[in-house]
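Observations on the three-dimensional arrangement
Here is what each chain is made of, one letter per residue.
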Amino acid sequence: MAVQIRPLRQSNYNAMIALFQIAGMNPKTRGRDSPRSFSEQVRRHRSSYLGAFEEDRLVGVVLGTHDTRKAWINRLAVHPDYRRRSIAARLVRECERALRKQGLKMFAAMIEPENRASEAFFRSLGYEILPILYARKKLRESV
C-alpha cells in the first residue's frame, strides 16, 4: 500500500500524539501539544501541518510553521516500522513546498545536539548544520 502525504485534521490529534510517543518524542499534551493548541495551529497552518498516511493509519508527521520571514520544520516523526522508506524526506519536501507557496525562502529545523541521525538527515536534504546556542524563556500564566 502506498503512503500518501496530506494535511492533518483535528481528528488526527490522538494518532499524532501516539506517533510522537512511539517515535521517542515527549509530547507536551498540557502545553504546545495540547488538543486546544493543536486545533488552533492546524487551522493556522492547514497546508503545512502534514501527515503521511497508509490508508487511514498515520505513520509520519511534520508540523511546518513560520514567523513571516523564516519557515520552521517542526516535530518531524515517522513510525519506526516505516523508517528507511523516504517518508521523512517526502514530508519535509512537501512541507517546504507548501511554505514556499506562502513566499518563504528560508527554512530552519532545530536539532538536539546529540541527534546525529537528524543532523545527517537534514544535511542530506541540503540543510547547512550551524552550531547555534538557543535561549528560551517560558512565561507563566498569572493566576
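Only a predicted model underlies this, so the values are computations on that prediction, with no experimental measurement involved.

Reading the values: rules and limits
Residues numbered from 1 in each chain as written. Predicted model: local features only at pLDDT ≥ 70, side-chain atom pairs only at ≥ 80, totals over all residues. Heavy atoms only, no water. Phe/Tyr/Trp six-rings, centres within 6.5 Å; stacked < 30°, edge-to-face > 60°. Helix = DSSP H or I, 4+ residues; strand = E, 2+ residues; numbered from the N terminus. Buried < 20%, exposed > 50% of the residue type's maximum accessible area, 1.4 Å probe, protein only. Pairing = 2+ DSSP bridges. Contact = heavy atoms within 4.5 Å. Axes fitted to C-alpha atoms, helices over the stretch in contact; angles between N-to-C directions. pLDDT = per-residue confidence, 0-100. Core = buried A, V, L, I, M, F, W, Y, C linked by side-chain atoms within 4.5 Å. Right-handed = clockwise from strand over helix to strand, strands pointing away. Salt bridge = Lys/Arg side-chain N within 4 Å of Asp/Glu carboxyl O.

Points about the packing of aromatic side chains
This model, assessed by the stated rule, comprises 4 aromatic pairs. With centroids separated by 5.6 Å and ring planes inclined at 45°, the aromatic side chains of Tyr13 and Phe38 adopt a geometry described as tilted. Separated by 25 residues along the polypeptide, Tyr13 in helix α1 (residues 13-22) and Phe38 in helix α2 (residues 35-44) bring together distant segments of the chain. Each member of the pair Tyr13 and Phe38 is classed as buried. Judged by centre distance (5.1 Å) and plane angle (75°), the rings of Phe122 and Tyr127 are edge-to-face. Just as Phe122 is buried, Tyr127 falls in that class too. An aromatic cluster is present here, built from Tyr13, Phe38 and Tyr49 joined pairwise through their rings.

Topic: the sheet that holds strand β5 (residues 107-108)
If you walk across this open sheet you meet the 5 strands as β1-β2-β3-β4-β5, and the pairing is mixed. Two strands bound the open sheet, and with one partner strand each, they are β1 (3-7) and β5. Here β1 runs beside strand β2 (residues 49-54); their pairing, made up of 5 bridges, is antiparallel. By the bridge assignment, Ile5 is partnered in β2 with Ala52. Along the sheet face, α1 touches β3 (57-66) and β4 (71-78) and points at about 95° away from the line of β3.

Structural notes on the confidence of the model for the protein
In this model, the protein carries a mean pLDDT of 91, and residues with pLDDT of at least 70 account for 97%. Across the protein, the element-wise mean pLDDT spans from 92 in α2 up to 97 in β2.

Describing the nonpolar core
The nonpolar side chains of a soluble globular protein tend to be buried with one another. Ile73, Ile87 and Leu91 are the most contacted members of the largest nonpolar core, which has 21 residues in total. Those elements giving two or more residues to this core turn out to be β2, β3, β4, α3 (87-100) and α4 (116-124). For Ile87, the contacting residues outside a window of four places in its chain are Val3, Ala52, Val59, Val78 and Tyr82. Listed in part, the 14 residues of the second largest apolar core include Leu19, Phe38, Tyr49 and Leu58.

Overview of the pairing of β4
Strand direction decides the pairing type here: β3 and β4, joined by 6 bridges, are antiparallel. Note that in β4 the partner of Thr65 across the bridge is Trp72. Taken together, β3 and the strand that follows it, β4, pair antiparallel across an intervening segment of 4 residues, in which Thr68 is found at a positive phi of about 80°. As paired elements, β4 and β5 share 2 bridges and run parallel to each other. In the sheet register, Ala71 faces β5, and the bridge partner there is Phe107. Handedness of the crossover joining β4 and β5 through α3: right-handed.

With respect to the pattern of salt bridges
Within this structure, the stated rule accounts for 7 salt bridges. A salt bridge links Arg43 to Glu40; its shortest N-O distance comes to 3.1 Å. With Arg43 and Glu40 both in helix α2 and 3 residues apart, the pair spans about one turn of that helix. Among the ionic contacts, a cluster of salt bridges with common partners joins Arg32, Asp33 and Arg75.

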